[in-house]
Amino acid sequence: MVSYLIQRFIEGRPVTITELIQVSSLPYATAHRRIGELIDQGLFERQGRGGKRFDIVPSARLIRDFFAYAREIKAELTKIYVGAAGGDADDYFFGGEHQALALNEQQTRIVKSISGVEQARFLFHDDYYFQSIRHVWSDFRQRIGSFGNFSLLNLDDLHEELIENAARQTSKYDIVSLNGPWVAEFASRGALVDLGPLVEANATMAPSFHPQVWDLGHWRQRPFGLPSYATAQIMAARRDVFERHALKLPTTFEDVLRCGKALHDPAAGRFGIAWNGQEGIDIAHTFMFILGCCGAPIVDLAQVRGNFEKEELNGRKIRALIDSYAAVEALEYMRELLAISPPNVLNASWRESLDLFLHGRAAMTYTWSVHATRFEMDIDSVVKRRVSYVAPPAGKRGRSMSPLGGFVFAVPSNLPDGRKEMALRTMAWMSSADSARAKDGLPLSPLFSLNGDLGAQVNFPVYNLVKSLAQKHLLNVWQRPAIPKYVRIETILGQEVHRILSGSKSINEGLADANARIRATDEA
């Protein structure tokens, strides 16, 4: 009964007491008595379904004990496999089928043929995608390089380390990852190698990527980074909850507020919507995203066929867009969201809002498409196969626009020639079509051609949404534009927007202050 209950918990399926008695193969009275004993022991719990009906669920203690048991079993298996191969247990990644198929013999042979590749050092963002690359790279079955050759940092620390590394006489790293909007900052400093010759020598590289994804690594129409992965900002909604309340999925701000009010039930442990409201990068990203759905970017861009042309940047006109009707609409909407959000939303990081939705405590969430992997596959997820992924709801004067985010691989310019050549060859291999397809099990590959993979469509419904957004030209990079002072603007917005929503400033006051600070930054 314990095994069955844990299995159904992992699958996100309810279990009735009658079902549990049946799988026990015990006489009815004996099974019923045993279930009662397990409840008394604090291992099982009753969870009401309305009226006198209830489900049996594992207690927090049982879940904790089960995960500890599973970790012990994994540790023993690791010792067996790693011991047999003479490898290091700390480097072992127990990844099942995905790990076994991560790289075929030909791909491994190609990358190992690059002189010096086993000493390559990487500086990456600390997320699940780059963690998976590290596991594949250092797994003893391929043993391309060492686990210790990777430095994974959070977003703030990664940006700081990139700045410090650019100031060094010789780079500590051979290949680095950059958040898309940072490319202009580091390219304008001369800190990155111009990849034009590499791209020209690999004619199939650029066509392998969607044009907007390929643009992530460009500044002034020159390539300084190659896409590692891309992710689109979207909305995720609990399909089962919406259906139970006979509600349609939202397409506008008004829909979000109306549905959120109907589904907001803090007493039952569920909130209308979860989003990233923490001061700094989190709330700045949320504001820029919602501002785009109101029809405006944060900087002045030429409008072409209903969209914005990112090459025509004019930082001197930032004021006209930061302190605008669209910004007021975005902030008024965000302020209304507070009433249907968790009480601590203005302290919530993206990880916290993600976990809130993952554990079934929010009916909707603004999120990145890359997180669909966790919703559908994470062992802790209670929402798997219960989520609908929808295009971002639009404001009154805006459209359903989705900013394209993600990271690019780049090579620091302060590398010695020998290491630079190795880094360029390695990065070209990592960005090749074959290599990217091999990593299809990782979160949202930037190769949109993978949408043709039926297995991917079954496992990740979000692929269909992203493909649809791409076909309708609703993906963009202008909501988070690659401009040299992007991080400074992001920092200012992260402070001023938070002050507005926390009530220490009015909307007009906060926007005026943000505008003045951004204009001063632009003129500095």
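Because the structure is a prediction, the values reported are computed rather than measured.

Each value, and the rule that gives it
- Numbering of residues begins from 1 in every chain and follows the order in which that chain's sequence is written.
- Reporting in this predicted model follows two pLDDT cut-offs: at least 70 for local features of residues, and 80 or more for side-chain atom pairs to be given and counted; totals over whole chains, interfaces and linings ignore these cut-offs and use all residues.
- Excluded from the side-chain calculation are hydrogens and water; included are all heavy atoms of the structure.
- Side-chain rings of Phe, Tyr and Trp (the six-membered ring for Trp) are treated as a pair once their centres are within 6.5 Å; stacked means planes under 30 degrees apart, edge-to-face means over 60, and tilted covers the remaining angles.
- Secondary structure is summarised from DSSP: a helix means a run of H or I of at least four residues, a strand means a run of E of at least two, and numbering begins at the N terminus for each.
- To sort residues, take the accessible area from a 1.4 Å probe on protein chains only and compare it with the maximum for the residue type: under 20% means buried, over 50% means exposed, and anything in between is partly exposed.
- Patches were defined on residues exceeding 30% relative accessible area and lacking a salt bridge, with like-charge contacts within 9 Å and nonpolar side-chain contacts (Val, Leu, Ile, Met, Phe, Trp, Tyr) within 5 Å.
- Using a 1.4 Å probe, the Shrake-Rupley method yields the accessible areas, and only the shown protein chains count as cover for residues.
- By convention in these notes, a salt bridge is any Lys or Arg side-chain nitrogen within 4 Å of a carboxyl oxygen on Asp or Glu.
- Counting rule applied: Lys, Arg positive; Asp, Glu negative; His and chain ends not counted.
- A charge is said to be at NZ when it belongs to Lys, at CZ for Arg, at CG for Asp and at CD for Glu.
- Definition of nonpolar core: a set of buried residues of the types Ala, Val, Leu, Ile, Met, Phe, Trp, Tyr and Cys, connected through side-chain atoms within 4.5 Å.
- Contact definition: two residues touch when any of their heavy atoms are within 4.5 Å.
- Scored between 0 and 100, pLDDT is the confidence that the predictor attaches to each residue.
- Any two cysteine sulfur atoms lying within 2.5 Å of each other are counted as a disulfide.

Colleague: When you look at the packing of aromatic side chains in this model, what are you seeing that I'm missing?
Modeller: In this description, a pair of aromatic rings is defined by centroid distance and the angle of the planes. For the structure shown, the criterion picks out 14 aromatic pairs. Here the aromatic rings of Phe253 and Tyr333 are separated by 3.8 Å at their centres, their planes lie at 5 degrees, and the arrangement is stacked. Of this pair, Phe253 sits in helix H13 (residues 253-263) while Tyr333 sits in helix H16 (residues 325-337); the two residues are 80 residues apart in sequence, bridging distant segments of the chain. Residues Phe253 and Tyr333 agree in their burial class; the two are buried.

Colleague: What should I look at first to understand a negative patch on the surface in this one?
Modeller: On the surface, Asp156, Asp157, Glu160 and Glu164 cluster together to form a negatively charged patch. Its location among the elements puts Asp157 in helix H8 (residues 155-167).

Colleague: Just checking my understanding: could you explain the nonpolar core for this structure?
Modeller: Nonpolar side chains tend to gather and get buried jointly when the protein is soluble and globular. Among the nonpolar cores identified, the biggest contains 137 residues, and Phe124, Tyr366 and Leu493 are the most heavily contacted of them. Excluding residues that lie within four positions of it along the chain, Leu493 makes contacts with Ala284, Phe287, Met288, Ile298, Ile322, His498, Ala514 and Ile518. Counting 15 residues, the second-largest nonpolar core is a separate cluster that includes Leu20, Ile35, Ile39 and Leu62.

Colleague: Could you clarify how one ought to interpret H13 in this entry?
Modeller: Helical geometry: 3.6 residues make up each α-helical turn, so side chains three or four residues apart lie on a common side. Every buried residue belonging to H13 is among Phe253, Asp255, Val256, Leu257, Cys259, Gly260 and Leu263, and all of these are buried. Residues of H13 that are buried in the fold lie against strand E8 (226-238), helix H12 (239-244), strand E9 (271-274), helix H14 (281-293), H16 and strand E12 (362-368).

Colleague: How do you make sense of unusual backbone geometry when you look at a structure like this?
Modeller: With glycine set apart, most residues show a phi of negative sign, and most peptide bonds adopt trans. Of note in this structure, Arg220 is not a glycine but carries a positive phi near 50 degrees. Its location among the elements puts Arg220 in the loop between strand E6 (218-219) and strand E7 (222-223). For Ala246, which is not a glycine, the phi torsion comes out positive at approximately 55 degrees. With respect to the secondary-structure elements, Ala246 resides in the loop between H12 and H13.

Colleague: Can you help me understand the confidence of the model for the protein in this one?
Modeller: Mean pLDDT over the protein: 82, with 83% of residues reaching 70 or higher. The low-confidence segment residues 84-91 (pLDDT under 50) makes 11 contacts with residues lying over four places distant or belonging to another chain. Scored below 50 in pLDDT, residues 95-101 shows 9 contacts in the model against residues more than four places distant or in partner chains.

Colleague: I would appreciate a short explanation of the state of the cysteines in the present structure.
Modeller: In a disulfide, the sulfur atoms of two cysteines are held together by a covalent bond. If you walk through the whole model with that rule in mind, you get 0 disulfides. Counting only cysteine sulfurs, Cys293 is the nearest neighbor of Cys294, a cysteine outside any disulfide, at a range of 7.1 Å.

Colleague: Just checking my understanding: could you explain the environment of Glu254 for this structure?
Modeller: With respect to the helices and strands, the residue Glu254 is situated in helix H13. Residue Glu254 is classed as exposed on the basis of its relative accessible area of 54%. For the pair Glu254 and Pro393, spaced 139 residues apart in the sequence, the C-alpha separation amounts to 8.8 Å.

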